[in-house]
Amino acid sequence: MAALQSTTNEEPRGSLLHESSSNIRPLAAVQGEGFREILHFFEPGYDIPSYKTLWNTIKHQYDSMREKIVEEMRDQTVSLTTDLWTSSTMEPYITVTAHYITDTWKLTARVLYLGCTGHTLQLAIKAGLFLPDVSKSIDAARRVVSHFRHSAVATCALRKRQEQLGIRPNKLQTDCAVRWNSTYIMIQRLFEQRIAVQSVLADETVTKPAIQKSLALRASHWEMLEQLIPVLQPLAKATEIMCAELHVGLSFIFPVIFNMISTTLRVEASDMTAVRAFKNTVRRQLETRFKLESDDLTESIPTVACMLDPRFKHLHFIPEDKREAAHSHLNRLVQDEPLAAKADDVNSEDTVEAPHIPTMENPLQWWARNHDNFPRLAKLCKRYLAVPATSTPSERIFSLAGNTISRLRASLHPAHGE
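Bear in mind the structure is a predicted one, so any value in this text is a computation, not a measurement.

Caption draft 1: Layout of the overall build of the protein chain. Within the protein chain, the secondary structure is distributed over 19 helices and four strands. Burial analysis of the protein chain (418 residues in total) assigns 40% to the buried set. Sequence separation of 24 or more characterises 65% of the internal contacts of the protein chain that already satisfy a separation of 6 or more. A total accessible area of about 24500 Å² is found for the protein chain, and carbon and sulfur atoms account for 54% of it.

Set out below in structure tokens:
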């Protein structure tokens, strides 16, 4: 669920909430032994509220403020500005500021935050790639690739070996620190070319003994890469799907994440210890970062998008009790739509009766044929399925702009750049 933040100067009620707000202290401070001792010294009879009580109070205030803002913005003409931001804990967000004039002619601005799925997925996977044993194997692979990328002699020898062995003449690929899937591409290509690579490294006429020793990959390294590749491949595919620009990606988030947890990240008896640790780490990261165990799951924007997408409307990937809660939330959203009620459009569960379509079909084409049958749901569909799952489209624009507005065009006028 996207967060709506008030830009007014309203302070939370309660002395401890005020103290946390003013001094940016975590709510967990109330559990600190020293904090409780000093508060007891100054006010022995004061009953310090628990962390849970404080959190529930803030959550109640948030829900009340959110409801107030939603009602205030209803039927308003809204102007939007957007930017990308990363928190100090490396959590990425798409930030959207909504500006509008209220019924009392007051200019108001509200801030909405929506996490970037692509970056969140990347952070979860990187946590696994940074595990010591996994990192050692990847670093060893990176050194080998770097050697071939910087040595013309080794590169020419590799091409000859590929031709002699009848191996596809693919170049080795280096990885990029800000794109985890480039690491997958690097180790996948290296493993594909391992026979030719080992042959060149073993040839003393091409590779000096000292270099041979520093670049030699142990059997355990190759085994690690071999087991990591089939785990990383579907994760890379999921990232690619979610980052597509003209593709409905928001409703893909939870089906893909839950599917990866139950299949790709399931620990197998044949897994190496390090691979097991990688799977468990990434799984825990996904569960935490996407809040899969949270009560907010049923009312989150991606879950609503799933119910409006005929491919995933049944929500088979979440427990049945949460499915019921999600449908109840969608029913409330439907009832709030300002359209005349129709007998076949009163209950959101009507979508369950509609035909299920294959995963790779375009859900918008289905809605183009059926929007008259479900007018209020169709209105919700336009609102939710248009939300991007990642900030990648914006980043692509900056990449293209960098190619145009370069150092060699330092005098380029902004209007010409546009």
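Structure shown, so let's carry the discussion forward.
Caption draft 2: Quick peek at the packing of aromatic side chains. Tallied over the entire structure, the rule returns eight aromatic pairs. Ring geometry for Trp366 and Trp367: centres 5.0 Å apart, planes at 90°, overall edge-to-face. Classification of Trp366 by relative accessible area gives buried; the value is 5%. Among the aromatic residues, those joined into a ring-pair cluster are Phe254, Phe258 and Phe317. The residue whose ring lies beneath Arg194 is Phe191, and the NZ or CZ to ring-centre distance is 4.0 Å.

Caption draft 3: Here's a closer look at the environment of Ala236. Tracing the backbone shows Ala236 in helix H10 (residues 219–242). Assessed through its relative accessible area of 10%, Ala236 is described here as buried. Sequence spacing of Ala236 and Trp180 is 56 residues, and the spatial spacing of their C-alpha atoms is 8.5 Å. Those residues in contact with Ala236, other than ones at most four positions away along the chain, are Trp180, Asn181 and Tyr184.

Calculation criteria
Residues numbered from 1 in each chain as written. Predicted model: local features only at pLDDT ≥ 70, side-chain atom pairs only at ≥ 80, totals over all residues. Heavy atoms only, no water. Helix = DSSP H or I, 4+ residues; strand = E, 2+ residues; numbered from the N terminus. Buried < 20%, exposed > 50% of the residue type's maximum accessible area, 1.4 Å probe, protein only. Contact = heavy atoms within 4.5 Å. Areas by Shrake-Rupley, 256 points an atom, 1.4 Å probe, with all protein chains shown as cover. Phe/Tyr/Trp six-rings, centres within 6.5 Å; stacked < 30°, edge-to-face > 60°. Lys NZ or Arg CZ within 6 Å of the ring centre and 35° of its normal.

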